[in-house]
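Chain and residue survey
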Amino acid sequence: MDNINALGNNMALSNQDIVEGMERSAAALAAVGSSYEDAFAMFSGIQEVLQNAEKSGTALRSVALRIRSFDESTEEYSDDLKNITGELADLTKTAEHSQGISIFKEGSTTEFKSLVDYFGEISSIWSEMSQKQQNDYLIKAFGRTQAQAGSALIQNYSAITKSLEVMENAAGSSDKEMETVRSKQNCSYVQKCA
């Protein structure tokens, strides 16, 4: 609750937005190894731009499943998506990054990077990619219907890092806020407070 409370107080989203977004994406994000902090941060990055918790949560679910080659509707392995990781790396090849950005940890073809780390790398080279590369990447990674949310995630990556910082300092924020509310309630019943 502290993280949700702190994000709701410091970012352009509400506590209810976070809950709604996580209802749509938490299981898929957990299945791909995302921590709840990473899930909250990525959701915050999208939600600040889209201001639509349903769409933001669905987009996170979509990318989590697609990157692991699962069909969004059936949640089962898809032959159509089995090469998506290589295709995404190809779409991120630039003059500065001739190998592209891989979803896998360095030196591995089986261990995935965290989605936060992966999208941080994509964000750092986004301006080097052509408009066509960007569009093709968004459609491949997020699906045609979620491409706008993918763009929000990548282009508002600074909100992800801010969210992670906010959560680092969130311990006790819910209790502190509740204590303030209790103090004001007690004060109004007992005496007029200054």
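Before reading further, recall that the structure is shown in the block above.
Residues numbered from 1 in each chain as written. Predicted model: local features only at pLDDT ≥ 70, side-chain atom pairs only at ≥ 80, totals over all residues. Heavy atoms only, no water.

**Topic: the overall build of the protein chain**
Across its full length, the protein chain holds 10 helices and zero strands. Along the protein chain, helices (α) and strands (β) appear in the sequence α-α-α-α-α-α-α-α-α-α when read from the amino end. Taken over 194 residues, the protein chain has a buried fraction of 46%. Split by element, the accessible area of the protein chain, about 10500 Å² in all, is 46% carbon and sulfur. (Helix = DSSP H or I, 4+ residues; strand = E, 2+ residues; numbered from the N terminus. Buried < 20%, exposed > 50% of the residue type's maximum accessible area, 1.4 Å probe, protein only. Areas by Shrake-Rupley, 256 points an atom, 1.4 Å probe, with all protein chains shown as cover.)

**Structural notes on helix α4 (residues 53-67)**
An α-helix turns once every 3.6 residues. As a result, residues three or four positions apart point the same way. Taking 1.5 Å per residue, 15 residues should reach 21 Å; α4 reaches 21 Å between its end C-alpha atoms and fits that length. The buried fraction of α4 amounts to 11 of the 15 residues, a majority that puts the element mostly inside the structure. Where α4 is concerned, the buried positions are Ala 53, Ser 56, Gly 57, Ala 59, Leu 60, Ser 62, Val 63, Ala 64, Leu 65, Arg 66 and Ile 67. Contact partners of the buried residues in α4: α2 (15-31), α3 (36-50), α5 (84-91), α6 (115-125), α7 (131-142) and α8 (147-155). At the N-terminal boundary of α4, the capping side chain belongs to Asn 52, with an oxygen 3.2 Å from the backbone nitrogen of Glu 54. Phi for Ser 69, located one or two positions after α4, is positive at around 70 degrees. (Expected span 1.5 Å × (residues − 1). Contact = heavy atoms within 4.5 Å. Polar contact = N/O pair within 3.5 Å; in protein donor to acceptor, adjacent residues only side chain to side chain.)

**Overview of the packing of aromatic side chains**
The geometry of an aromatic ring pair is captured by the separation of the ring centres together with the interplanar angle, meaning the angle of the planes. Following the criterion strictly, the structure yields five aromatic pairs and no others. Taken together, a centroid distance of 6.1 Å and an interplanar angle of 75 degrees make the contact between Trp 126 and Tyr 137 edge-to-face. You can see Trp 126 sitting in the loop between α6 and α7 and its partner Tyr 137 sitting in helix α7, a full 11 residues away along the chain. Considered together, Trp 126 and Tyr 137 belong to a single accessibility category, that of buried residues. Clustering of aromatic rings is evident, with ring pairs tying together Tyr 118, Phe 119 and Phe 142. (Phe/Tyr/Trp six-rings, centres within 6.5 Å; stacked < 30°, edge-to-face > 60°.)

**Some words on the environment of Ser 56**
Along the chain, Ser 56 turns up in helix α4. When the C-alpha positions of Ser 56 and Gly 45 are compared, they lie 9.0 Å apart, and in sequence the two are 11 residues distant. Excluding its chain neighbours within four sequence positions, the residues that come into contact with Ser 56 are Phe 43, Ile 46, Gln 47 and Leu 50. Of the polar contacts made by the side chain of Ser 56, one reaches the side chain of Gln 47; its length is 2.9 Å.

**Quick notes on the nonpolar core**
Grouped together as the largest cluster of nonpolar side chains are 53 residues, with contacts concentrated most on Met 42, Leu 115, Tyr 118, Phe 119 and Tyr 137. Those residues in contact with Tyr 118, other than ones at most four positions away along the chain, are Ile 67, Leu 88, Ile 101, Ser 102, Ile 103, Lys 113 and Tyr 137. (Core = buried A, V, L, I, M, F, W, Y, C linked by side-chain atoms within 4.5 Å.)

**Looking at unusual backbone geometry**
Here the phi dihedral of Gln 51 falls at roughly 55 degrees; this positive angle occurs in a residue that is not glycine. Note on Gln 51: relative accessible area 48%, which makes it partly exposed.

**Notes on the side chain of Thr 94**
Note on placement: Thr 94 falls in the loop between α5 and α6. Relative accessible area serves as the criterion here: at 12%, Thr 94 is assigned to the buried category. Of note is the side chain of Thr 94, whose polar atom sits 2.9 Å from the side chain of Glu 128. In this view, Thr 94 contacts Ile 125, Glu 128 and Met 129; residues no more than four positions away in its chain are not counted.

**Things to note about the packing of α2 against α3**
One way to put it is that α2 packs onto α3 with a least axis distance of 10 Å and a crossing angle of 125 degrees. Taken as axis vectors, α2 and α3 run oblique relative to one another. Here the hand of the crossing between α2 and α3 comes out right-handed. Contacts from Asp 17, Ile 18, Gly 21, Met 22 and Leu 29 in α2 reach Ala 39, Phe 40, Met 42, Phe 43 and Gln 47 in α3. Residue classes in the contact of α2 with α3 are distributed as seven nonpolar, two polar and one charged. (Axes fitted to C-alpha atoms, helices over the stretch in contact; angles between N-to-C directions. Parallel < 35°, antiparallel > 145°, perpendicular 65-115°, else oblique. Left-handed = near helix turned anticlockwise from the far one by under 90°. Nonpolar A, V, L, I, M, F, W, Y, C, P; charged D, E, K, R; others polar.)

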